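# Architecture and fold: a report
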Amino acid sequence: MKFSVESRPSSLGSGDLLVLPFLDEKPFSHPAIVAALKKLGQAPLQLLKKEEFKGEAGDSRLFATHGKLPFDYVLFMGLGSAKKANLESLRKAASKSAQAAEKIKAKKVVSLLPLALDKKASAQEAGQAYAEGAVLGLYRFDKYKSKKDKDQGLKELRYVLPDAKAGKAFQSGLKVGEKIAEGVNYARDLVNTPARDKPPEFLGREAKKIRGLRTKVFNHRQLKSIGMGALYGVGMGSPEPPVFVEMHYRPKGRVKKRIAIVGKGITFDSGGLSLKPAKSMETMKDDMSGAATVLAVMGLLPFLKLPVEVFGYIASAENMPDGGAQRPGDVVKAYNGKTIEVLNTDAEGRLALADALSYLTKNRKVDYIIDIATLTGAALVALGDLYTAALGTDADLIQKLKETGEECGEKIWELPLAEEYAEEMKSNVADIQNIGGPYGGTINGALFLKNFVAEDAKWVHLDIAGPSWANKPWAYSPKGGTGIMVRTFLRLFSKF
Ligand code: BES
Ligand code: MN
Ligand code: ZN
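Residues numbered from 1 in each chain as written. Chains lettered and ligands numbered in written order. Predicted model: local features only at pLDDT ≥ 70, side-chain atom pairs only at ≥ 80, totals over all residues. Heavy atoms only, no water.

### Section: the overall build of the protein
In terms of helices and strands, the protein carries 15 helices and 20 strands. Against the globule reference of 23 Å for 496 residues, the protein gives a C-alpha radius of gyration of 24 Å, in line with a compact fold. When its C-alpha atoms are laid out on the principal axes, the protein stretches across 80 × 50 × 40 Å. Counting every position in the protein, which comprises 496 residues, the buried fraction comes to 58%. For the protein, the proportion of contacts with a sequence separation of at least 24, taken over those separated by at least 6, is 78%. (Helix = DSSP H or I, 4+ residues; strand = E, 2+ residues; numbered from the N terminus. Rg over C-alpha atoms; globule rule 2.2 N^0.38 Å. Buried < 20%, exposed > 50% of the residue type's maximum accessible area, 1.4 Å probe, protein only. Contact = heavy atoms within 4.5 Å.)

### Considerations on the packing of aromatic side chains
Enumeration according to the criterion identifies 19 aromatic pairs in this entry. For the pair Tyr159 and Phe170, a centre-to-centre distance of 5.7 Å together with 75° between the ring planes defines the contact as edge-to-face. Of this pair, Tyr159 sits in strand E7 (residues 156–161) while Phe170 sits in helix H5 (residues 167–192), and the two are eleven residues apart along the sequence. Between the aromatic rings of Phe448 and Phe452, the centroid separation amounts to 5.4 Å while the plane-to-plane angle is 45°, which identifies the pairing as tilted. The pair formed by Phe448 and Phe452 is uniform in burial state, with each residue classed as buried. Counting every residue linked through ring pairs, the aromatic cluster contains Phe218, Phe244, Tyr313, Tyr335 and Tyr359. Geometry around Phe303 places Lys179 over its ring, the cationic atom sitting 5.2 Å from the centre. (Phe/Tyr/Trp six-rings, centres within 6.5 Å; stacked < 30°, edge-to-face > 60°. Lys NZ or Arg CZ within 6 Å of the ring centre and 35° of its normal.)

### Description of the domain arrangement of the protein
Assigned domains within the protein: domain 1 (2–188) and domain 2 (193–495). On the domain 2 side, the residues contacting the 22 residues of domain 1 number 26 residues. Between domain 1 and domain 2, roughly 2,000 Å² of surface is buried when both sides are summed, and carbon and sulfur atoms account for 63% of that area. Applying the counting rule to domain 1 against domain 2 returns two salt bridges. The interface formed by domain 1 and domain 2 contains eight residue pairs in polar contact (both at pLDDT 80 or more). Elements with a contribution of two residues or more to the side of domain 1 that touches domain 2: helix H3 (87–103), helix H4 (123–137) and H5. With eight residues, the single largest contributor to the side of domain 1 that touches domain 2 is H5. A per-class count over the side of domain 1 that touches domain 2 returns ten nonpolar, five polar and seven charged. (Domains from an automatic or database assignment. Buried area = accessible area lost by both parts, 1.4 Å probe. Salt bridge = Lys/Arg side-chain N within 4 Å of Asp/Glu carboxyl O. Polar contact = N/O pair within 3.5 Å; in protein donor to acceptor, adjacent residues only side chain to side chain. Nonpolar A, V, L, I, M, F, W, Y, C, P; charged D, E, K, R; others polar.)

### Remarks on the pattern of salt bridges
This structure, assessed with the given rule, holds 26 salt bridges. We note a salt bridge from Asp330 to Arg327, for which the minimum N-O separation is 3.0 Å. Classification of Asp330 as partly exposed rests on a relative accessible area of 21%. The class of Arg327 is partly exposed, set by a relative accessible area of 44%. We note a salt bridge from Lys495 to Glu407, for which the minimum N-O separation is 3.0 Å.

### Examining the coordination of the zinc ion (ligand 3)
Protein ligation of the zinc ion (ligand 3) involves Lys264 (NZ), Asp269 (OD), Asp287 (OD) and Glu348 (OE), the donor distances falling in the range 2.0 to 2.4 Å. Here the zinc ion (ligand 3) binds six donor atoms, and the angle range of 80 to 174° at the metal identifies the geometry as octahedral. Read N to C, the donor residues that coordinate the zinc ion (ligand 3) are spaced as K-x4-D-x17-D-x60-E. The two metals, the zinc ion (ligand 3) and the manganese ion (ligand 2), are separated by 3.1 Å and share Asp269 as a common coordinating residue. Taken together, the residues span a long stretch of sequence, with Asp269 in strand E10 (residues 257–269) and Glu348 in the loop between strand E13 (339–342) and helix H11 (349–363) at a distance of 79 residues. The same class applies to Asp269 as to Glu348, namely buried. (Donors = N, O, S within 2.8 Å, 3.2 Å for Na, K, Ca; no water. Tetrahedral: all angles 85-135°; square planar, octahedral: opposite > 155°, others 65-115°.)

### What about the site of ligand 1?
Residues in contact with ligand 1 amount to 16 residues; listed here are only the nearest, Lys276, Asp287, Asp346, Glu348 and Gly377. Residue Lys276 places a side-chain N or O atom 2.8 Å away from an oxygen atom belonging to ligand 1. Thr374 places a polar main-chain atom, nitrogen or oxygen, 3.3 Å from a nitrogen atom of ligand 1. The fraction of the free accessible surface of ligand 1 (520 Å²) that becomes covered by protein chains is 77%. Every element with two or more residues in the shell around ligand 1 is listed here: E10 and helix H12 (377–383). (Near = heavy atom within 4 Å. Areas by Shrake-Rupley, 256 points an atom, 1.4 Å probe, with all protein chains shown as cover.)

### Considerations on the sheet that holds strand E8 (residues 214–218)
Reading across the sheet, the eight strands line up as E8-E9-E11-E10-E14-E18-E15-E16 and stay open at both edges, with mixed pairing between neighbours. Pairing within the sheet leaves two strands with one partner each, and these edge strands are E8 and strand E16 (412–414). Going from strand to strand, the sheet's axes swing by 20° on average, the running direction of each strand aside. Here strand E14 (residues 368–373) runs beside strand E18 (residues 459–463); their pairing, made up of five bridges, is parallel. The residue of E18 that forms the bridge with Asp371 is His461. Lying over the sheet, helix H6 (residues 200–209) contacts E8, strand E9 (243–249), E10 and strand E11 (308–319), oriented at roughly 15° with respect to E9. This element, helix H14 (residues 441–450), spans E14, strand E15 (388–392) and E18 of the sheet and lies at about 145° to E18. (Pairing = 2+ DSSP bridges. Axes fitted to C-alpha atoms, helices over the stretch in contact; angles between N-to-C directions.)

Structure below.
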């Protein structure tokens, strides 16, 4: 996609599609738009009125120009009220207009943008939001279709700004937004890829491919010999061996904060011997979404050059019920020496993460630890599929994550880390067992993980079982893997 920017236009130029924003229920007032509307005549605006089009955020109407303008179509694009408009409304508008452009096979789109979001966002941020919305909204996964969806054809998105000074910053925002959205789409690709084609060792190779990081991949022999019995155990029922990955990004200048991010990388979760019902297995190729997010974030750090030092971890295995699989009642020993009775082999994500968290706790010194995992179906029950559940030991970090998530259109809600429930995770034969009581499944999962970070660690666990996967298209996310939290993580890191 070619993005271009022009400031304070004498005319809007020409193209296939002209996008005209609606703010506060009327066309954005700018001389170029007034002129265009005049040429277009009263008919479209009268129709909009008849349809009671209010220009709510995300709502739009398409009209043919019948040669009255040097564009085939105009799209009236709702941005809602100027007061309420924010970066998320820009992303939605950008996505909607890119999708409309695709539908009418436009090659060149001109969009005149109001930047005045009540000074809530800079031109740089607006540019980033537009590029994110457009690139995310056009995503599709057709690698496995014999007939590829036709080349989208959309070649150029030209944004016309009403403010002459804003051009440079907007342009640089576009570049950043495009890169970040491509990173999110990479995470989506990984999640959407069938499990057969992305075994744990494949994720290890993907990590190794990222330039600008120092990366170590522990193969199954190595992870066994260093004592990662919990992750190793999960992989025993599959012919695909487990891997543990450490990636390290160090910025050039001063380091503001040191952060560890840890992703659950179960490439397929059949449940193991505690086998899932068929229906529940249908989307279980997405059980490596946390790992996909970590890979995408780590891949973007060298480009964004954020002033934070980041350790990225992936604990990856395939959870299958082959003859060598671990049995309910088996006891494994994690990297920190704790023994775990595996009462349910379907609670495998916490086993994989236990070793990753122990490893970084023992070997690295960081200010914050964030793990991200499709850990519990209970998170979906509690919060639905839009919200990520956050639980942890640092209220400040949770607050920051919530705020940042909101700005990115990636919602996060806190659940309590209720110590009282840990009682039910005591085992008869080992130090702990991998399942708790019948209620509060998401809390139990987090309480289990807490055993593997230091007492004083600033740690947050994100359960993305819901938002990692879209069962239906939503704004700029089509069905399937969403690449959730890539943008929130990067934005959070840019604030430190
Ligand atoms: N990967 C699943 C959680 C999941 C469920 C993610 C639905 C996305 C959608 C996880 O490994 C799992 O099976 N968790 C069990 C835990 C239970 C056995 C304590 C669950 O949620 O049922
Ligand atoms: Mn499971
Ligand atoms: Zn799982």
